[in-house]
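Listed below are the residues making up each chain.
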Amino acid sequence: PPAITAQPASVTINQGQTTTLSVTATGTGLSYQWHSSGSPIAGATASTYATGAAGTYAVRVSNSAGSVTSNPATVTVIVPPTIESCPISVTINQGQTTTLRVQANGSSLNYQWTLNGAPIAGATAAAYNTGTAGTYGVTVSNAAGSAACNSATVTVIVPPTITAQPA
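Since this is a predicted model, take the numbers as computed values, not measurements.

**Considerations on the nonpolar core**
And then number 1: Of all hydrophobic cores here, the largest spans 16 residues; its most connected members are Val23, Trp34 and Tyr57.
And then number 2: Elements with a contribution of two residues or more to this core: strand 5 (31-36), strand 8 (55-63) and strand 10 (73-78).
And then number 3: Judged by nonpolar contacts, the second largest core, of 14 residues, contains Ile92, Val102, Ala104 and Val138.

Structural data, given as structure tokens:
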């Protein structure tokens, strides 16, 4: 009967890439049938299977003496970030704060906000609270790439003060 000596391995790929899953088996007159989430994949009848689709894959190895199914291998596809909405410019009064927000889609997203082009330490969430005037930007990234928003300006209005009284 067939015996699997090397199982297919789980892998993470970027969207648009493909990977090749493989199995090594011993026995004579072997035939292979790859499955995705338990369903046979049409035409996937070799010891390797190339795919760019996320899912759980296994292969059934058979001959006239029996069959054996591999351990499942998971293909994870990382989707690069796409930005749905960027922060907007705002005017606030001195002493107030505002929240700048970015809405992005993708896998395992990382955020970095900037003020006047310089990274802001610790500003690594989809929203950033500030009361400081300046030009803000945000970059959203993951292993598959990055996307950036155009700048949003925070203007702070300083209330008037009298510096010299009438004489």
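**A few points about the side chain of Asn63**
And then number 1: Along the chain, the position of Asn63 falls in strand 8.
And then number 2: A polar contact of 2.9 Å, which involves the side chain of Asn63, links it to the backbone nitrogen of Ala65.
And then number 3: Asn63 has contacts with Pro1, Pro2, Gly27, Thr28, Gly29 and Leu30, leaving out every residue within four places of it along the chain.

**Concerning the pairing of strand 8**
And then number 1: In terms of burial, strand 8 is a largely internal element, 7 of the 9 residues being buried.
And then number 2: Pairing geometry for strand 5 and strand 8, over 6 bridges, is antiparallel. Bridged to His35 within strand 8 is Ala58.
And then number 3: Note: strand 8 against strand 10, 3 bridges, orientation antiparallel. The partner of Gly55 across the bridge, within strand 10, is Val75.
And then number 4: Looking at chain direction, strand 8 and strand 9 (residues 66-69) are connected through 4 bridges and run antiparallel. Paired with Arg60 across the strands is Thr69, a residue of strand 9.
And then number 5: Linking strand 8 back to strand 9 in an antiparallel pair, the connection comprises 2 residues.

**Some details on the packing of aromatic side chains**
And then number 1: The final tally for this structure, using the stated rule, is 4 aromatic pairs.
And then number 2: Ring centres of Tyr128 and Tyr136 lie 6.1 Å apart, and the angle between their planes is 40°; this geometry places the pair in the tilted category. For the pair Tyr128 and Tyr136, a shared accessibility class is recorded, and that class is buried.
And then number 3: Aromatic ring contacts, followed pair by pair, group Trp34, Tyr49 and Tyr57 into a single cluster.

**Notes on the state of the cysteines**
And then number 1: For the coordinates displayed, the defined rule picks out 1 disulfide.
And then number 2: The side chain of Cys86 participates in a disulfide bridge whose partner is Cys149; the two sulfur atoms lie 2.2 Å from each other. Taking the sign of the S-S torsion, about -90° here, the bridge from Cys86 to Cys149 comes out left-handed. In this pair, Cys86 sits in the loop between strand 11 (82-85) and strand 12 (90-93) while Cys149 sits in the loop between strand 19 (145-148) and strand 20 (152-157), placing the two residues 63 residues apart along the sequence.
And then number 3: With a relative accessible area of 34%, Cys86 lands in the partly exposed category.
And then number 4: Exposure remark for Cys149: the relative accessible area of 9% places this residue in the buried category.

**Side note on the environment of Thr82**
And then number 1: Along the chain, Thr82 turns up in strand 11.
And then number 2: The class for Thr82 is partly exposed, based on a relative accessible area of 41%.
And then number 3: Filtering out sequence-adjacent residues up to four positions away, Thr82 remains in contact with Gln103, Ala104 and Asn105.

**What about unusual backbone geometry?**
And then number 1: Despite not being glycine, Ser37 shows a phi value in the positive range, around 50°.
And then number 2: Mapped onto the fold, Ser37 is located in the loop between strand 5 and strand 6 (39-40).
And then number 3: The backbone phi angle of Ser108 is positive, close to 45°, even though this residue is not glycine.
And then number 4: Tracing the backbone through its elements, the reader meets Ser108 in the loop between strand 14 (103-105) and strand 15 (110-115).
And then number 5: Looking at Ser108, the relative accessible area reads 64%, which means it is exposed.

The rules behind these values
- Within each chain, residues carry numbers counting from 1 in the order of the written sequence.
- Thresholds applied to this predicted model are a pLDDT of at least 70 for local features of residues and 80 or more for the giving and counting of side-chain atom pairs; totals over whole chains, interfaces and linings are not thresholded and use all residues.
- Calculated side-chain values reflect all of the structure's heavy atoms, with hydrogen atoms and water omitted.
- Take the buried residues of types Ala, Val, Leu, Ile, Met, Phe, Trp, Tyr and Cys, join any two whose side-chain atoms come within 4.5 Å, and each joined set is a nonpolar core.
- We call a residue buried when its accessible area falls under 20% of the maximum for its residue type, exposed when it is over 50%, and partly exposed in between, using a 1.4 Å probe and counting protein chains only.
- Elements are defined by DSSP. Helices are runs of H or I of four residues or more, strands are runs of E of two residues or more, and each kind is numbered from the N terminus.
- Under the rule applied, a polar contact is a pair of N or O atoms within 3.5 Å (in protein, one hydrogen donor and one hydrogen acceptor; residues adjacent in sequence only if both atoms are side-chain atoms).
- Residue contacts follow a heavy-atom distance rule, with two residues in contact if any of their heavy atoms lie within 4.5 Å.
- Strand pairing is defined by DSSP finding a minimum of two bridges between the two strands.
- Working definition: a ring pair exists when centres of Phe, Tyr or Trp rings (six-membered ring for Trp) sit within 6.5 Å. Plane angles under 30 degrees give stacked, over 60 give edge-to-face, the rest tilted.
- In this description, a disulfide is simply a cysteine sulfur pair whose atoms lie within 2.5 Å.

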